[in-house]
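The chain contents come next:
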Amino acid sequence: MSDPDFPCPDDLVAFAERLADAAGVVAMRHFRTAVTVDEKPDLTPVTIADRQAEAEMRRLIEQRYPEHGVIGEEAGRQGEASRYVWVLDPIDGTRRFISGHPGFGTLIALLEDGRPLLGVISMPALGERWVGARGHATLFKNAAGVAEARVRPCPSLDKATLFATSPYMFIGPARPAFERVREAAKTPLFGGECHAYGLLASGYVDLVIEADMGLYDYLAQVPVIEGAGGIMTDWQGLPLGLGSGDQVLAAGDSACHKEALRLLSGEP
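Just so you know, these numbers come straight off a predicted model, no measurement behind them.

Visitor: Mind showing me how you'd approach the pairing of strand 15 (residues 248–251) here?
Guide: Sheet faces and side chains relate simply in a regular strand, where the side chains alternate between the two faces. Alternating residues of strand 15 divide into Val 248 and Ala 250 and Leu 249 and Ala 251, and every residue in both groups is buried. Examined bridge by bridge, strand 13 (residues 207–210) and strand 15 share four bridges and lie antiparallel to one another. Opposite Leu 207, over in strand 15, you have Ala 251 as the bridge partner. Pairing of strand 14 (residues 231–233) with strand 15, which is carried by three bridges, proceeds in the antiparallel orientation. Bridge pairing in strand 15 links Met 232 to Ala 250.

Right, dumping it as structure tokens:
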């Protein structure tokens, strides 16, 4: 079993960044070109860039760590009962990608015994990357260099900047639950996708609340947020992992997180 006090090995962190580099090369090869857009069964778009980027990451994992499992948005699940499982979203924000917007990213998580061990948020068109791993401080990397990422204090929602990718992701009972938090927040904003979590880790955003998500949409962000001093759970306040659902809450300040959980649950 995994030891929660044992830091993530440096070689795994370096390999995760190698995967991000490889996916970024593929994505940028196709960015702002006339790519064909297909529609998946769930009606979301997919391009050759999504498929090729994930295929390249899977190839590298198979070559280096053939005993590891992989869960990818485009090519499904393989070996998910393994001790180590990579969770891949080759292009998070495909709609942004196909519209020429630079705010798309690549998400890479490594789970150990079902719990996030390391995560990478990579924004290839923006030249920004956050790397988080158990036992390590989260690092923010761009052309200017490398710096430690730290969340900022925000003791209450009436001072908070809140991000969600879209208001349309909150369906059924999730809609009024989210609206209670949105109405309490000082500055609610939509958009951002995975970039919003990186901005939270760097102290520019206070909350990210999302729903209707797949594992590949959020598990990479968990070590990034936690390594920057924040907290990320489901809407019940439970830790996120392989068996989690589709609703997540990330916060830089535990007091703000607690207040958001209360409003999401409908408690007075």
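Visitor: I would appreciate a short explanation of the sheet that holds strand 8 (residues 128–133) in the present structure.
Guide: Strand pairing within a sheet occurs via backbone hydrogen bonds; the two strands may be parallel or antiparallel. Taken together, the eight strands give an open sheet; going across it, the order is 4-3-5-6-7-8-9-10, and neighbouring strands pair in mixed fashion. Each edge of the open sheet carries a strand with a single partner, namely strand 4 (76–78) and strand 10 (145–148). Geometrically, the sheet is characterised by an average inter-axis angle of 15° between neighbouring strands, direction not taken into account. With four bridges connecting them, strand 3 (residues 69–72) and strand 5 (residues 84–92) associate as parallel partners. Bridging across to strand 5, Ile 71 finds its partner in Val 87. Where helix 2 (residues 48–64) meets the sheet, it contacts strand 3, strand 4, strand 5 and strand 6 (105–112), and its direction lies at approximately 155° from that of strand 5.

Visitor: I'm lost on helix 2 in this one. Help?
Guide: For an α-helix, the turn length of 3.6 residues means that residues three or four places apart are oriented alike. For helix 2, which comprises 17 residues, the first-to-last C-alpha distance of 24 Å matches the rise-based estimate of 24 Å (1.5 Å per residue) to within 8%. When we look at burial in helix 2, the residues that qualify are Ala 49, Asp 50, Ala 53, Glu 54, Met 57, Arg 58, Leu 60 and Ile 61. Across the axial projection of helix 2, the buried residues extend over an arc of 160°, all falling on one side. Between the side-chain oxygen of the N-cap and the backbone nitrogen of Ala 49 there are 3.1 Å, and the N-cap of helix 2 in question is Thr 47.

Reading the values: the criteria
Residues numbered from 1 in each chain as written. Predicted model: local features only at pLDDT ≥ 70, side-chain atom pairs only at ≥ 80, totals over all residues. Heavy atoms only, no water. Buried < 20%, exposed > 50% of the residue type's maximum accessible area, 1.4 Å probe, protein only. Helix = DSSP H or I, 4+ residues; strand = E, 2+ residues; numbered from the N terminus. Pairing = 2+ DSSP bridges. Axes fitted to C-alpha atoms, helices over the stretch in contact; angles between N-to-C directions. Contact = heavy atoms within 4.5 Å. Expected span 1.5 Å × (residues − 1). Arc of directions from axis to C-beta. Polar contact = N/O pair within 3.5 Å; in protein donor to acceptor, adjacent residues only side chain to side chain.

Treat this as a map of the structure, not an account of what it does.
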